[in-house]
Amino acid sequence: MSVSDWAGSVSDWRYALEDLKVFIAPAFKRSEQRASAGVFIDGLLSGAERKTGWMLAEEAGLARPYRIQSLLGRSSWSADALCKRVRSYAIEALSDADGVLVVDETGFLKKGKHSAGVARQYSGTAGRIENCQIGVFASYASRWGHALIDRQLYLPKAWANDPDRRTRAHVPEDVSFATKPAMACEMIANLLDEGTPCAFVLADAVYGSDSRFRRMLETREQPYVLAVRSTHSLRFLEEWHLVQTDPATMIAELPPKDWQALSAGEGAKGHRLYEWARVPLNHTAGEGFSRWLLARRSLRDPEAIAYYFAYARTNATLPELAAAAGLRWTIEECFLRAKDDVGLDHCEARSWHGWHRHMSLVMAASAFLVRLSADQRRTAFRKPNKTSPRTQPAAA
């Protein structure tokens, strides 16, 4: 294998980009829409600092941004149909029996009050309450890479109950208020219904604390590792007595020997090393499955402990659960790359469908980059006598 093989310099990315455009073309009704979508994606992948209508038009050599703005607003096509094709494209590149689904939200700061769903609300992106939109996203991660595969704009109650604002922002009549965990529950259920190969579902405490979300996964016998707060209320029977406690109390009672030093996987600065422990939970589980309270402790600060609910096959090991928990960061990297590289947070459209169209097109551009990397890894790792430094190659 030469340097050009594993570095990817021989990759015919122009042909691959055309292949993406052909693959997503059926999502558009007219040839003009398909052409405009191709121009839009080219602009997202360009070096333009801002992926706005004027900047993308300038990259395409257009005198005015009419075509770009029309694609997001006036033209008639389904953003959901495009998203489904993008998802198929990404999962085809990343599919693996050991892959994971991750759900999380991200914020989009706004100055005005007319964009669909915008409100004064907490944004994890900003780390405080801001005037922003919130989008709930799902991503898929495997040994081959990770990509965003679904999205939906969160509609606060103030918007959901205001007919005038809904009409001005073209919010569909069938869209009602739903909590973020409820949105995630429907999103993940649909992805599993589609047959997405998934070893674990992962999410932070916003979703892990929701019992309906956990029940949905357990009913499907879908393993998960979901973060929970240290104060989450736990009730169970012990020797015919009702015990009420919380994760922090249960983990504090563990002896030192129950902690095991394990890596949470490789991050931007190398392996992320922690101590891990788990406690079985006395809750009824499906046949062959068990529930645990999982804990991750910082090596530098033993008081810094993260807690998770885990549901998996009874023979699942602590290293396996720790590895799954450690993959939740992949969706954060998806957000970071999509915002920095292809303009996920540069949406100018105010309407409901404009937001979903922008996000779907950005996800298409991002999936293209992810697929290039995934194809490169598969090619390199499947060379005779060549394997990934971290794992054996997947079966062909």
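Residues numbered from 1 in each chain as written. Predicted model: local features only at pLDDT ≥ 70, side-chain atom pairs only at ≥ 80, totals over all residues. Heavy atoms only, no water.

1. Things to note about the pairing of strand β5 (residues 200–203)
Moving on, step 1. Alternating residues of β5 divide into F200 and L202 and V201 and A203, and every residue in both groups is buried.
Moving on, step 2. The pairing of strand β1 (residues 100–109) with β5 spans four bridges and is parallel. From the neighbouring strand, V103 faces β5, where its bridge partner is A203.
Moving on, step 3. Where β5 and strand β6 (residues 224–228) come together, three bridges link them in parallel fashion. Residue pairing across strands places L202 opposite V225, the latter belonging to β6. (Buried < 20%, exposed > 50% of the residue type's maximum accessible area, 1.4 Å probe, protein only. Helix = DSSP H or I, 4+ residues; strand = E, 2+ residues; numbered from the N terminus. Pairing = 2+ DSSP bridges.)

2. Things to note about the nonpolar core
Moving on, step 1. Ranked by size, the top nonpolar core spans 128 residues in total, and within it I188, F213, V225 and L361 carry the most contacts.
Moving on, step 2. Per-element tally for this core: the top contributor is helix α15 (residues 352–381), with 14 residues.
Moving on, step 3. In this structure I188 touches L101, V103, A138, V201, F213, M216 and L217, once residues within four positions along its chain are discounted. (Core = buried A, V, L, I, M, F, W, Y, C linked by side-chain atoms within 4.5 Å. Contact = heavy atoms within 4.5 Å.)

3. What about helix α14 (residues 329–342)?
Moving on, step 1. With 14 residues, α14 extends 19 Å from end C-alpha to end C-alpha; this agrees with the ideal 20 Å at 1.5 Å per step.
Moving on, step 2. Burial in α14 covers these residues: T330, I331, E333, C334, F335, A338, K339 and V342.
Moving on, step 3. For α14, the secondary structure elements touched by its buried residues are α3 (31–44), β1, β3 (128–142), β4 (145–153) and α15.
Moving on, step 4. Of the residues one or two after α14, G343 is the one with positive phi, at around 75°. (Expected span 1.5 Å × (residues − 1).)

4. Considerations on the side chain of H146
Moving on, step 1. Note that H146 resides in strand β4.
Moving on, step 2. Given the relative accessible area of 15%, H146 is considered buried.
Moving on, step 3. Looking at H146, its side chain comes within polar contact range of the side chain of E333, at 3.2 Å.
Moving on, step 4. Here H146 is in contact with L94, Y140, A141, W329, T330, E333, C334, R337 and V370, once residues within four sequence places are set aside. (Polar contact = N/O pair within 3.5 Å; in protein donor to acceptor, adjacent residues only side chain to side chain.)

5. Describing the layout of surface pockets
Moving on, step 1. Taken as a whole, the second largest pocket spans an internal volume of roughly 680 Å³.
Moving on, step 2. Forming the boundary of the second largest pocket are 28 residues, of which D80, R151, Q152, W352 and H356 lie nearest the centre.
Moving on, step 3. Only α6 (79–94), β4, α9 (180–193) and α15 provide two or more residues apiece to the lining of the second largest pocket.
Moving on, step 4. Here the residues of the lining of the second largest pocket sort into 13 nonpolar, six polar and nine charged. (1 Å grid on protein atoms, 1.4 Å probe; cavity = no way out; pocket = protein on both sides within 12 Å on 5 of 7 lines; lining within 4 Å. Points joined across faces, edges and corners; volume = space filled by probe spheres on them. Nonpolar A, V, L, I, M, F, W, Y, C, P; charged D, E, K, R; others polar.)

6. With respect to the environment of G112
Moving on, step 1. For G112, the location among the structural elements is in the loop between β1 and β2 (119–123).
Moving on, step 2. In this structure G112 comes out as partly exposed when scored by relative accessible area, which is 42%.
Moving on, step 3. When the C-alpha positions of G112 and R350 are compared, they lie 9.9 Å apart, and in sequence the two are 238 residues distant.

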